Amino acid sequence: MLGLWGQRLPAAWVLLLLPFLPLLLPAAPAPHRASYKPVIVVHGLFDSSYSFRHLLEYINETHPGTVVTVLDLFDGRESLRPLWEQVQGFREAVVPIMAKAPQGVHLICYSQGGLVCRALLSVMDDHNVDSFISLSSPQMGQYGDTDYLKWLFPTSMRSNLYRICYSPWGQEFSICNYWHDPHHDDLYLNASSFLALINGERDHPNATEWRKNFLRVGHLVLIGGPDDGVITPWQSSFFGFYDANETVLEMEEQLVYLRDSFGLKTLLARGAIVRCPMAGISHTAWHSNRTLYETCIEPWLS
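All values derive from a computational prediction rather than experimental measurement.

1. What to know about the confidence of the model for the chain
(1) Moving on: Of the residues in the chain, 85% have a pLDDT of 70 or more, and the chain-wide mean is 90.
(2) Moving on: In this model residues 1-9 is a low-confidence stretch, pLDDT under 50, and it forms 0 contacts with partners more than four residues away in sequence or in other chains.
(3) Moving on: When the criterion is pLDDT under 50, residues 26-33 qualifies, and its contacts beyond four places in sequence or with other chains add up to 1 contact.

2. Describing the packing of aromatic side chains
(1) Moving on: Tallied over the entire structure, the rule returns 13 aromatic pairs.
(2) Moving on: Plain terms: the ring middles of Y143 and W179 are 5.6 Å apart, the flat faces sit at 55° to each other, and that makes the pair tilted. Here the residue Y143 occupies a position in the loop between β4 (129-135) and α6 (147-152), and W179 occupies one in the loop between α8 (174-177) and α9 (185-191), the gap between them amounting to 36 residues. Here the two residues Y143 and W179 agree in accessibility, since each one is buried.
(3) Moving on: Aromatic ring contacts, followed pair by pair, group Y143, W179, F241 and Y242 into a single cluster.
(4) Moving on: Across from the ring centre of F262, 4.6 Å away, lies the NZ or CZ of R118, which sits over that ring.

3. Let's talk about the pattern of salt bridges
(1) Moving on: For the structure on display, the rule yields 5 salt bridges.
(2) Moving on: A salt bridge links R290 to E61, with the nearest nitrogen and oxygen atoms 2.9 Å apart. Of this pair, R290 sits in helix α14 (residues 290-297) while E61 sits in helix α3 (residues 53-62), and the two are 229 residues apart along the sequence.
(3) Moving on: A relative accessible area of 28% places R290 in the partly exposed class.
(4) Moving on: Close ionic contact of R81 with E85 constitutes a salt bridge, the shortest N to O distance being 2.9 Å.
(5) Moving on: Bridged by salt links that share partners, the residues E61, R290 and E294 form one connected network.

4. Regarding the sheet that holds strand β5 (residues 219-224)
(1) Moving on: Ordered in space as β2-β1-β3-β4-β5-β8, the 6 strands form an open sheet in which the pairing is parallel. Two strands in the sheet have a free side with no partner beyond their single neighbour: β2 (68-70) and β8 (273-277). Along the sheet, successive strands turn relative to each other by an average axial angle of 15°, direction set aside.
(2) Moving on: With 5 bridges joining them, β5 and β8 adopt parallel strand pairing. Note that in β8 the partner of G224 across the bridge is P277.
(3) Moving on: Here α14 sits on the sheet and contacts β3 (105-110), β4, β5 and β8; the angle it forms with β5, its principal contact strand, is near 150°.

5. Focus on helix α4 (residues 83-99)
(1) Moving on: Along its 17 residues, α4 runs 24 Å from first to last C-alpha, staying within 8% of the 24 Å computed at 1.5 Å per residue.
(2) Moving on: For α4, the full list of buried residues reads L83, Q86, V87, G89, F90, V94, I97 and M98.
(3) Moving on: Buried residues in α4 make contact with β1 (39-42), β2, β3, α5 (112-123), β4 and α8.

The rules behind each value
- Residues numbered from 1 in each chain as written.
- Predicted model: local features only at pLDDT ≥ 70, side-chain atom pairs only at ≥ 80, totals over all residues.
- Heavy atoms only, no water.
- pLDDT = per-residue confidence, 0-100.
- Contact = heavy atoms within 4.5 Å.
- Phe/Tyr/Trp six-rings, centres within 6.5 Å; stacked < 30°, edge-to-face > 60°.
- Helix = DSSP H or I, 4+ residues; strand = E, 2+ residues; numbered from the N terminus.
- Buried < 20%, exposed > 50% of the residue type's maximum accessible area, 1.4 Å probe, protein only.
- Lys NZ or Arg CZ within 6 Å of the ring centre and 35° of its normal.
- Salt bridge = Lys/Arg side-chain N within 4 Å of Asp/Glu carboxyl O.
- Pairing = 2+ DSSP bridges.
- Axes fitted to C-alpha atoms, helices over the stretch in contact; angles between N-to-C directions.
- Expected span 1.5 Å × (residues − 1).

Right under this line is the structure:
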């Protein structure tokens, strides 16, 4: 009997210890969470990197460890430089960031910066932008009497600014590069050295290649709202704009969409366009509003 008990004892102890085995065995290493893609931020007219300190704080809180680069180029009055000049400068800055991020990057581009970023997506045939977040940007142009306009051209109103903007001299100012007068469409198409080109509204030898490049983007996230107070019409943030009667036509009614001149229709068909309208936010508050960040930006920072 003693011999039999001695043989059974180890098995009995094993049964008793089974519930405690997870505590006795060394813990398995925690699964490695993939790091977040780098975020590149491009500012707007008269802005600087300091304007985005709140946005940087929000990203660090919700996506710790994310590499965020707020590009410090063309600050303040330098943001009035012609947009193609700015595109070249920002391109030189983002190329090395993209090269170090084989899984892709996110672009958050505010106001005028949204147009700079859209041009970047068009001219870069090797970009790896996963999400392009256009934050209250006049994507179909600007046609409104704003404080910026009155400061730049104090003797002009929106009704006659085309006389300046649609001249070679006027196109040396960034704001004129996307000034879009719905009452002088022929002058806009002939004189616009920037917006009409990236919209594919005017023929140029790079149109096909630019469209192909733009369609490399993973998601196009459009953010704006009726209380912006600067972007006019505010629907320009969603590729809507005035017709000749100043009635706003939504994106799906625009010729650039119907003709799919630079890829909007294709992006929408594949479910790559996200529209996030938000009321109650003024133009200078888009990048510091926490609710806006959590609702419209954070979900796309994978």
